[in-house]
Amino acid sequence: MLLIGLTGSIATGKSTVSALLRSEPHQLPVIDADILARQVVEPGTSGYRAIVKHFAATTPDLLVEPSRSMPVDGLDGKGRPLNRPALGKRVFGHTEELKKDRAVLNGIVHPAVRREMLKTVMACYLRGHWAVVLDIPLLFESKLDIFCGTTMVVAVSDAAIQMERLMARDAHLSREDAENRVCSQTDVREKAQRCLDRGEDHGVVLWNDGSKEELKVKLEAAMAKLRQSSPRWWSWVLLACPPLAVVVSAWDVWQNVCINKRWEQSQNLTKARL
């Protein structure tokens with residue numbers, strides 16, 4: 001089974017590609033890290049309790065305001081849901097304090113998301129799926145790319161396009177808030193270059209500066225190549241022979257670890273020259 005690691009940056013079109021991969025003609029199962037990240041911090045979960053414990057004292061509006069439709073103790077008595085815009089302002093930005101708080105939030109959410117991902121991937125493998133898409137905004141940052149047979153980055157070459165799309169999509173954001181959210185993530189052009197450095201067999205970049213139809217055509221061409229390099233019958237072989245699946249997965253991980261080491265070495269060399 002091929003694991004396709006789908007990533008990008010905010011407002012570059014990753015969600016559009018994810019939706020296209022779910023639908024005809026691809027119909028691939030998509031494991032969305034953002035959806036899982038919401039589920040693992042719902043009221044009553046250990047993630048929710050950890051976030052409230054750490055951020056409540058410094059973020060008075062951390063939880064949604066009580067109302068007629070939202071009791072003080074929440075709809076299910078486990079607490080009011082998180083006020084996501086308020087939490088976003090608390091962790092997105094350039095200051096060291098905000099970076100530390102963002103690291104704390106990631107340390108709470110990411111392990112829980114990984115556990116849920118693993119469960120879903122195993123279920124897809126046992127059902128004999130040809131491929132599974134891991135939709136992860138922080139694919140490289142979380143180092144989950146090492147488990148993927150192929151990484152796919154949805155990028156824009158013009159940073160202004162990214163800002164325009166974000167402001168149009170999330171009208172409640174001020175320009176400063178929008179800039180903070182963009183800058184809190186690795187530059188998408190860097191992600192694209194990192195993906196290209198993996199080679200055609202392991203990396204796909206979808207440049208999305210144009211229309212949705214143009215993006216769709218690029219995606220279909222990329223998926224056709226992936227189906228040639230990893231045909232459906234191969235997934236059935238791996239399902240019929242679990243030891244072989246383990247060996248193939250281990251080999252993919254080893255290759256990706258080596259690729260990442262070369263990338264880090266090249267980045268360190270570039271920085272040393274500056």
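Use the structure listed above.
So, a few notes on the structure that sits alongside this text. No experiment lies behind these values; they were computed from the predicted model shown. (Residues numbered from 1 in each chain as written. Predicted model: local features only at pLDDT ≥ 70, side-chain atom pairs only at ≥ 80, totals over all residues. Heavy atoms only, no water.)

1. Side note on helix H4 (residues 84–91)
Along an α-helix, residues three or four apart share an orientation, since each turn contains 3.6 residues.
So, point 1. Those residues of H4 that sit buried are Ala 86, Leu 87, Gly 88, Arg 90 and Val 91.
So, point 2. Among the structural elements, helix H3 (46–55), helix H5 (96–126) and helix H7 (175–183) are those in contact with the buried residues of H4.
So, point 3. Of the residues one or two after H4, Gly 93 is the one with positive phi, at around 160 degrees. (Buried < 20%, exposed > 50% of the residue type's maximum accessible area, 1.4 Å probe, protein only. Helix = DSSP H or I, 4+ residues; strand = E, 2+ residues; numbered from the N terminus. Contact = heavy atoms within 4.5 Å.)

2. Describing the environment of Glu 220
So, point 1. Its place among the elements puts Glu 220 in helix H9 (residues 212–229).
So, point 2. Spatially, the C-alpha atoms of Glu 220 and Leu 166 are 25 Å apart, while their sequence positions differ by 54 residues.
So, point 3. Apart from residues no more than four positions distant in its own chain, Glu 220 is found in contact with Pro 25 and His 26.

3. Re the layout of surface pockets
So, point 1. In this structure, the second largest pocket encloses a volume near 860 Å³.
So, point 2. Taken together, 30 residues line the second largest pocket, and the ones lying closest to its centre are Met 1, Leu 3, Phe 147, Ser 249 and Asp 252.
So, point 3. Elements with a contribution of two residues or more to the lining of the second largest pocket: strand S1 (2–8), H5, H9, helix H10 (232–240) and helix H11 (242–273).
So, point 4. Counting residues per element, the lining of the second largest pocket draws most heavily on H11, which supplies 7 residues.
So, point 5. Among the residues making up the lining of the second largest pocket, the classes are represented as 21 nonpolar, 6 polar and 3 charged.
So, point 6. Counting contributing residues, the lining of the second largest pocket receives three or more from each of domain 1 (1–29 + 130–273) and domain 2 (35–128). (1 Å grid on protein atoms, 1.4 Å probe; cavity = no way out; pocket = protein on both sides within 12 Å on 5 of 7 lines; lining within 4 Å. Points joined across faces, edges and corners; volume = space filled by probe spheres on them. Nonpolar A, V, L, I, M, F, W, Y, C, P; charged D, E, K, R; others polar. Domains from an automatic or database assignment.)

4. So, the packing of aromatic side chains
So, point 1. The full count for this structure, using the stated rule, is 1 aromatic pair.
So, point 2. On the numbers, 6.0 Å between centres and 80 degrees between planes, the contact of Trp 233 with Trp 234 is edge-to-face.
So, point 3. You can call Trp 233 exposed: its relative accessible area is 55%.
So, point 4. Residue placement shows Arg 227 over the ring face of Trp 130; its charged tip is 4.2 Å from the ring centre. (Phe/Tyr/Trp six-rings, centres within 6.5 Å; stacked < 30°, edge-to-face > 60°. Lys NZ or Arg CZ within 6 Å of the ring centre and 35° of its normal.)

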